[in-house]
Amino acid sequence: MGKLRRMNELPLDTEVAVRHVQPYEAVKAYRCPGCDHEIGRGLGHEVVVPIDAPELRRHWHSGCWHREQRRRARG
Ligand SMILES: [Zn+2]
């Protein structure tokens, strides 16, 4: 499997683990790859980790990740 540069280049069949981050755990701000906007501190969101490339984990707004899943499900 080739080196992935960005989450949105993940092949549709890439297995990912998703963990929900509670607001109290969100002590840093992150950039959401779904909308390219910031996920502010104290905001509950999702961490998406490719099983085969855990270093490429990304933080997503929950809504953006759910939209992305629907997009990926359609192919
Ligand atoms: Zn987003």
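Each remark here, short or long, concerns the structure printed above.
Engineer: What should I look at first to understand the environment of G63 in this one?
Structural biologist: With respect to the helices and strands, the residue G63 is situated in helix α1 (residues 62-74). Separated by 18 residues in the primary sequence, G63 and H45 have C-alpha atoms spaced 8.5 Å apart.

Engineer: Can you help me understand the nonpolar core in this one?
Structural biologist: One broad rule of soluble globular proteins: the nonpolar side chains tend to lie buried together. Counting residues in hydrophobic clusters, the biggest one holds six residues: V16, C32, I39, V48, W60 and W65. Not counting residues within four places of it along the chain, the set of residues in contact with I39 comprises A29, Y30, C32, H45, H59 and H61.

Engineer: Could you clarify how one ought to interpret the pairing of strand β4 (residues 45-50) in this entry?
Structural biologist: Regular strands place side chains that alternate from one sheet face to the opposite one. Across six bridges, strand β1 (residues 16-21) lies against β4 in antiparallel orientation. From the neighbouring strand, V21 faces β4, where its bridge partner is H45. The pairing of β4 with strand β5 (residues 58-60) spans three bridges and is antiparallel. Among the inter-strand pairings, V47 is bridged to a residue of β5, identified as H59.

What counts and how
Residues numbered from 1 in each chain as written. Predicted model: local features only at pLDDT ≥ 70, side-chain atom pairs only at ≥ 80, totals over all residues. Helix = DSSP H or I, 4+ residues; strand = E, 2+ residues; numbered from the N terminus. Core = buried A, V, L, I, M, F, W, Y, C linked by C-beta atoms within 7 Å. Buried ≥ 20, exposed ≤ 12 C-beta atoms within 10 Å, placed from the backbone. Contact = placed C-beta atoms within 7 Å. Pairing = 2+ DSSP bridges.

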